[in-house]
Amino acid sequence: MIHVDPSLFLRRLVIISYTGTVAYDQHFHKGLNVIRGQNSSGKSTIANFIFYILGGDYNNWTTEASKCREIYAEVLLNDSVATLKRGITQAVHQPMSIYWGSYEEGLKDGLKWQTYPYRQTENLINFSRVIFNALGFPDVKTDEDASITMHQILRILYIDQDTATQNLFRAEKFDPPLTRQTVAEILLGIYDDSLYSDRVSLRNSEKQYDEKKSLYEGIRRGFSQAGEITPSELERSLEEAKISLDNLDGEIIKSKSQNRNFSSRKALEKVDTLQSEFTALKKIIITDDNNLQELEVDIFDSQQFIKTLERRIKEIDYSLVTRKYLGELTLTHCPNCLAKLTETALDGHCFLCKQPLEEEAERSNAKKLKQELELQIQESKSLLENKQSTTRNLRANMPARIERAKFLQREIDRAVKQSQSSRDEKIDELLIGKGRIEQQIRHLTDRIKAASILSQLREELAQLAHEIENVKLQIKEKEDLQTVKSQAAMSKIRSYTLNLLRNDLPRQAEFRSGTELEIDFRRDSYSLDGSNNFSASSKIYLKNSILYSIFFSSLDLDFMRYPRFILCDNMEDKGMEKERSQNFQNIIARISQNHQTEHQIIFTTSMISNELNSDTAVCIGDYYTDQHKTLRI
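Residues numbered from 1 in each chain as written. Predicted model: local features only at pLDDT ≥ 70, side-chain atom pairs only at ≥ 80, totals over all residues. Heavy atoms only, no water.

Under an unreviewed UniProt entry, the chain has the name Rad50/SbcC-type AAA domain-containing protein and belongs to Chryseolinea soli.

Written as structure tokens, this is what we have:
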């Protein structure tokens, strides 16, 4: 059999009653699994339990199911064994506990279970994210606040009895079209999380470009109105003005020295005030500078730590892949003496030393270690962002504080030198001239700043334009690839569906002649040749054919993310006659038996075909009746 990821397989289902007894304990296998029995014998209850333990949100338990306390499921997530556990209550959004190993191992090792909430928070990941990571699902993002969970994925993997015949997705009270479309794109292998990031990046870059362009044009117009002078000319004019200001200050000081000199109380108070502010500001600058140096070292250390964790995750992935492929190589000669090996080894044992292999435990431990490393990375990145934000704030404030300190120092020096008792006419004229030069300096400084901003904006606009063009090309390439995958997936689904319809018993003439199958996941609708106006049983047959066809298509197309698992509880719903249901069962069984890709089908039936009923390999448990129900309560 060929293994294709992602894959989800149920290996064992255990249900515990409130008295602590085992109410249900059955092993499942890859391929076809049939739960059979009379009506009201508890088959649907088991199907709902499977939906729930795999991550579905369910609380509409039957009387018998409400007598149960908890449920366990040993599953295979890709190539890793895990055991899932959930409590059975009337409340919704229940958490899930996960143990990376078999059910029997989990019972003996209570310390290594980890419990995850139903909903994800800023500081906690939910169990859906853990399962998605194990399956290799992308980090799903939507423009709306629509969280994609295992519950949403299972809505199309689980065909139940309560959902209306015209709907493909399991019934839901709050059911946004975007959520359905996103789930379909994920399962069909169309969804690309990097494409969403590219679109967000393009939107942000275009917004930044428009804002910077508007700012650039506004500054440029104001700059042009003041005359077309180059930045170098402005710098020369500023230096000349500063020299003039220094000369004026010298003349003022000289003129004041000719008067009666004494230090007035007002002048001393001014110096004290300036000195106090200067001292406090200097302490802040020194403290900020020390903090910046420490933060830069911390940021570097954090970045190296995150890189180390990410490298360890890659090493875990490489080790799993290496182990997988090297494990398939059979030694033919002894690595020591090079003599030919003639003995054979049992399955699951080393060919050389004949010792049993524990691949499942190693893969499960690797998955657990990888999950812990990912949590450390998430926490480290959050701390790193806080440090980087603090660093940016300190750097942003530093220039203004330094400039203020320089200004205070000049004012202190000036106040000390200019101690005087009165001003004469000449000093007044000099002060007026000084005011004009200071105004000129402020004006020139503003223009130089504007020129610098214009230059920086030109560079940023050019860079943004380049980034926008590159992102658009990336988006176009990914959208084209999405289109190719979508067409391939839908073509395969239509082919399987039409084949299932043509192999139906002659009950609906349109099924034999139909050629155009339309499926709209966003609207949760489907039609054959533009119509869905068939009998209730024919609608069920058509709906089941489409959902099974999506499943079978995933066995042919390895790019699909459908996890090669389907659960069906409505094989004879809406008055489906016995012969028609059994014919459909046999068709599904034949396709399953002939396919080389690993998969799992679980369906319930009260009308099992003779061909399947005689095959004990596909039947799970006993034939259940009103006196011998699925749950032993």
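Structure shown, so let's carry the discussion forward.
(A) Inspection of the packing of aromatic side chains at higher detail. Summed over the entire model, instances satisfying the criterion amount to 17 aromatic pairs. Ring geometry for Phe49 and Trp61: centres 4.8 Å apart, planes at 25°, overall stacked. One end of the pair, Phe49, is in helix 1 (residues 43-53); the other, Trp61, is in the loop between helix 1 and strand 4 (68-77), and 12 residues separate them in sequence. Taking relative accessible area as the criterion, Trp61 reaches 9% and is therefore assigned buried. In this structure an aromatic cluster arises from ring pairing among Tyr496, Phe511, Phe534, Tyr541, Tyr548, Phe551, Phe552, Tyr562 and Phe584. The ring of Tyr52 is capped by Arg86, whose NZ or CZ atom sits 4.1 Å from the centre of that ring. (Phe/Tyr/Trp six-rings, centres within 6.5 Å; stacked < 30°, edge-to-face > 60°. Helix = DSSP H or I, 4+ residues; strand = E, 2+ residues; numbered from the N terminus. Buried < 20%, exposed > 50% of the residue type's maximum accessible area, 1.4 Å probe, protein only. Lys NZ or Arg CZ within 6 Å of the ring centre and 35° of its normal.)

(B) Region of the structure containing the sheet that holds strand 2 (residues 22-27). Strand order across the open sheet formed by 6 strands is 2-1-4-5-6-7, with antiparallel pairing between neighbours. Both edges of this open sheet fall to strand 2 and strand 7 (114-116), since each of them pairs with a single strand only. With direction set aside, neighbouring strand axes in the sheet form an average angle of 25°. Alignment of strand 4 against strand 5 (residues 80-87), held across 8 bridges, turns out to be antiparallel. Counterpart to Glu70 in the pairing with strand 5 is Gly87. (Pairing = 2+ DSSP bridges. Axes fitted to C-alpha atoms, helices over the stretch in contact; angles between N-to-C directions.)

(C) Region of the structure containing the sheet that holds strand 8 (residues 158-159). The 4 strands are arranged 3-12-11-8 in an open sheet whose pairing can be described as parallel. The outermost strands of the open sheet, each flanked by one partner alone, are strand 3 (31-36) and strand 8. Examined bridge by bridge, strand 8 and strand 11 (residues 565-568) share 2 bridges and lie parallel to one another. Across the sheet, Tyr158 pairs through a bridge with Leu567, a residue of strand 11.

(D) The arrangement of empty space enclosed by the protein in detail. Counted by the stated rule, this structure contains 3 cavities of 30 Å³ or more. If you add up the space inside the largest cavity, you get close to 60 Å³. Along the walls of the largest cavity sit Trp100, Val130, Asn133, Ala134, Lys367, Lys370, Gln371 and Glu374, which together make up its complete lining. Elements that contribute at least two residues to the lining of the largest cavity include exactly helix 3 (127-135) and helix 9 (359-417). With 4 residues, the single largest contributor to the lining of the largest cavity is helix 9. A per-class count over the lining of the largest cavity returns 3 nonpolar, 2 polar and 3 charged. Here the lining of the largest cavity gathers at least three residues from each of two domains, domain 1 (8-191 + 504-624) and domain 3 (264-419). Here the second largest cavity defines a volume of roughly 40 Å³. Around the second largest cavity sit Ile156, Ala184, Leu187, Leu188, Phe521, Ile550 and Tyr562, which together line it. In the lining of the second largest cavity, the residues fall into 7 nonpolar, no polar and no charged. (1 Å grid on protein atoms, 1.4 Å probe; cavity = no way out; pocket = protein on both sides within 12 Å on 5 of 7 lines; lining within 4 Å. Points joined across faces, edges and corners; volume = space filled by probe spheres on them. Nonpolar A, V, L, I, M, F, W, Y, C, P; charged D, E, K, R; others polar. Domains from an automatic or database assignment.)

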